[in-house]
Amino acid sequence: MTGTQREACPHCGWPDRAEPFQVVSRHGTAAGHTVWTRCGCGSLQVRVVDACGMRVLSRSGRG
């Protein structure tokens, strides 16, 4: 994702910080966690959770 940080899924509008989403996998890193999730619309997301909070780094198209 480039430019400004979005706060919602661009495909369905579901807020990034809202539930439900499916956790596909979670991996610990030196700085926190990388979490692969699936939005309610099916979009696969890569999230980073660290001292700065949670942010979505990348999204696929709808699933």
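Here the structure is a predicted model, which means the values were calculated and not measured.

Enquirer: Would you mind going over the sheet that holds strand 4 (residues 53-59) with me for this structure?
Expert: Strand pairing in a sheet is mediated by backbone hydrogen bonds. Such pairs are either parallel or antiparallel. The strand order 1-2-3-4 describes an open sheet built from four strands, whose pairing is antiparallel. Either end of the sheet is taken by a strand with one partner, and the two such strands are strand 1 (22-28) and strand 4. Along the sheet, successive strands turn relative to each other by an average axial angle of 25°, direction set aside. Looking at chain direction, strand 2 (residues 32-38) and strand 3 (residues 44-50) are connected through seven bridges and run antiparallel. The residue of strand 3 that forms the bridge with Arg38 is Leu44.

Enquirer: Sorry, what's going on with the pairing of strand 4 here?
Expert: Put simply, side chains in a regular strand alternate between the two faces of the sheet. Pairing of strand 3 with strand 4 involves six bridges; the strand directions are antiparallel. Counterpart to Val48 in the pairing with strand 4 is Arg55. Hairpin connection, strand 3 to strand 4: the antiparallel pair is bridged by two residues.

Enquirer: Explanation requested: the environment of Gly28 in the structure shown.
Expert: Tracing the backbone through its elements, the reader meets Gly28 in strand 1. It is 9.5 Å that separates the C-alpha atoms of Gly28 and Val49, two residues lying 21 residues apart in sequence.

Each value, and the rule that gives it
Residues numbered from 1 in each chain as written. Predicted model: local features only at pLDDT ≥ 70, side-chain atom pairs only at ≥ 80, totals over all residues. Heavy atoms only, no water. Pairing = 2+ DSSP bridges. Helix = DSSP H or I, 4+ residues; strand = E, 2+ residues; numbered from the N terminus. Axes fitted to C-alpha atoms, helices over the stretch in contact; angles between N-to-C directions.

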